[in-house]
Amino acid sequence: MITVKLVGGAKKSFATEKLEIEKSDISIQELIDLLLELKSDDSPKLDTENILVAVNGVDSSAMDGKSTVIKENDVVSIIPVIHGGASKRLLYKVSSKQIQVIQIKGQKTIDVKFLDSFREKYPKIILQAVSSEFVLNSSHLKKILSLSLESQKNDILLSNKLETDILMRFALTKQISAAIASAGMKPKTDFILITIGNKTNLDALYKELSSLSVPLFSKNNESFLKKSFKISKKQIDSVYSKTPLEDLLVEKAAVLL
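The text that follows walks through the structure, step by step, so that each part is easy to find. (Residues numbered from 1 in each chain as written. Predicted model: local features only at pLDDT ≥ 70, side-chain atom pairs only at ≥ 80, totals over all residues. Heavy atoms only, no water.)

1. Brief notes about the sheet that holds strand 4 (residues 51–55)
So, point 1. Read across the open sheet, the five strands follow the order 2-1-7-4-5; overall the sheet is mixed. Edge strands, defined here as strands with exactly one partner in the open sheet, are strand 2 (18–21) and strand 5 (58–59). (Pairing = 2+ DSSP bridges. Helix = DSSP H or I, 4+ residues; strand = E, 2+ residues; numbered from the N terminus.)

The following block contains the structure:
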């Protein structure tokens, strides 16, 4: 048996918070197909292209994606990914962690002091800024964050702070100073602001920053990332995947230890 927990808008699609599925050893894609068959035609649509699926609290994008096999007694959470403000904000949840992602327009007056001021104002929120050039897309971002959160859970962070671990994994370096110099925020350069905390505080923070935000993942950073990390065409071609660059970046981030 598989337990399926439905979060947020997904509950409205099935009029319940939990389903018990009398199956096991099926893939996430097979489970999604089954859920769509079970859903009533007159219930709200479940947008399967904009959901996060976690197995026993671990984001499936950090596993085998929709090919991840669900075993007997596994708990699967279906979490709609919420886009707000014309895709200027990404909200999703991993285990008990509420994550908010915003892209901020780089300005001369915005520097590290800007970030520190919000850390002081919102001490219960974990904040980290990553240069937008170092984030390939939303899937890459989610996988890196899942790596950091799993490392925190297992007490194997690259540094003594979660936010520093996140930056180091995007920069693909074990040196904190190198991570700050390469992938950290810089004046006049757009950056991705990653925030982790409770939704009330995250909403309040977003309200303050919404006027500075721009649409997420609006630029293609493939060429920049290949050049920065010296990823050759031969390396790309050797990866049998629909997303070879993304997979290479995540693999490099995972083996930094």
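2. Focus: helix 7 (residues 199–209)
So, point 1. Within helix 7, the full set of buried residues consists of Leu-202, Leu-205, Tyr-206 and Leu-209. The buried side chains of helix 7 occupy one side of the element, clustering within an arc of 100° when seen end-on. In helix 7, the exposed positions angled more than 90 degrees off the buried face are occupied by Thr-200 and Lys-207.
So, point 2. Capping the start of helix 7 is the job of one residue whose side-chain oxygen sits 3.1 Å from the backbone nitrogen of Thr-200: Asn-198. (Buried < 20%, exposed > 50% of the residue type's maximum accessible area, 1.4 Å probe, protein only. Arc of directions from axis to C-beta. Polar contact = N/O pair within 3.5 Å; in protein donor to acceptor, adjacent residues only side chain to side chain.)

3. As for the packing of helix 3 (residues 112–121) against helix 7
So, point 1. The N-to-C vectors of helix 3 and helix 7 enclose an angle of 145°; their axes lie 12 Å apart at closest approach. Every pair of crossing elements has a handedness; the one defined by helix 3 and helix 7 is right-handed. Where helix 3 abuts helix 7, its residues Phe-114, Phe-118 and Lys-121 lie against Leu-205, Glu-208 and Leu-209.
So, point 2. Per-class residue counts for the contact of helix 3 with helix 7 are four nonpolar, no polar and two charged. (Axes fitted to C-alpha atoms, helices over the stretch in contact; angles between N-to-C directions. Left-handed = near helix turned anticlockwise from the far one by under 90°. Contact = heavy atoms within 4.5 Å. Nonpolar A, V, L, I, M, F, W, Y, C, P; charged D, E, K, R; others polar.)

4. Observations concerning unusual backbone geometry
So, point 1. One non-glycine residue, Lys-188, lies in positive phi territory at about 70°.
So, point 2. Mapped onto the elements of the fold, Lys-188 is located in the loop between helix 6 (176–183) and strand 12 (191–196).
So, point 3. By relative accessible area, Lys-188 is classed as exposed at 61%.
So, point 4. Backbone geometry places Lys-230, a non-glycine residue, at a positive phi of 55°.
So, point 5. Turning to its location among the elements, Lys-230 is positioned in the loop between helix 8 (222–228) and helix 9 (233–237).

5. Brief notes about the packing of aromatic side chains
So, point 1. Enumeration according to the criterion identifies four aromatic pairs in this entry.
So, point 2. Relative to Phe-191, the ring of Phe-114 lies with its centre 6.4 Å away and its plane at 70°, an arrangement referred to as edge-to-face. Pair noted here: Phe-114 is in helix 3 and Phe-191 is in strand 12, with a separation of 77 residues, a long-range link.
So, point 3. On the basis of relative accessible area, Phe-114 is assigned to the buried category, the value being 15%.
So, point 4. For the ring pair Phe-134 and Phe-229, a centre distance of 5.9 Å and an interplane angle of 70° mean the geometry is edge-to-face. Linking Phe-134 in the loop between strand 11 (126–131) and helix 4 (138–153) with Phe-229 in the loop between helix 8 and helix 9, this pair joins segments that are 95 residues apart in sequence. Across this residue pair, the class does not change: Phe-134 and Phe-229 are buried.
So, point 5. Sitting above the plane of the Tyr-206 ring, Arg-89 keeps its charged end 4.4 Å from the centroid. (Phe/Tyr/Trp six-rings, centres within 6.5 Å; stacked < 30°, edge-to-face > 60°. Lys NZ or Arg CZ within 6 Å of the ring centre and 35° of its normal.)

6. Considering the packing of helix 4 against helix 10 (residues 244–254)
So, point 1. Look at helix 4 against helix 10: their axes get within 10 Å of each other, and the N-to-C directions meet at 15°. By the criterion of interaxial angle, the relationship of helix 4 to helix 10 is roughly parallel. Handedness of the crossing formed by helix 4 with helix 10: right-handed. Only Glu-246, Asp-247, Leu-249, Val-250, Ala-253 and Ala-254 of helix 10 make contact with helix 4, whose side of the interface consists of Ser-139, His-140, Lys-143, Ile-144 and Leu-147.
So, point 2. A breakdown of the residues in the contact of helix 4 with helix 10 according to their chemical character gives six nonpolar, two polar and three charged. (Parallel < 35°, antiparallel > 145°, perpendicular 65-115°, else oblique.)

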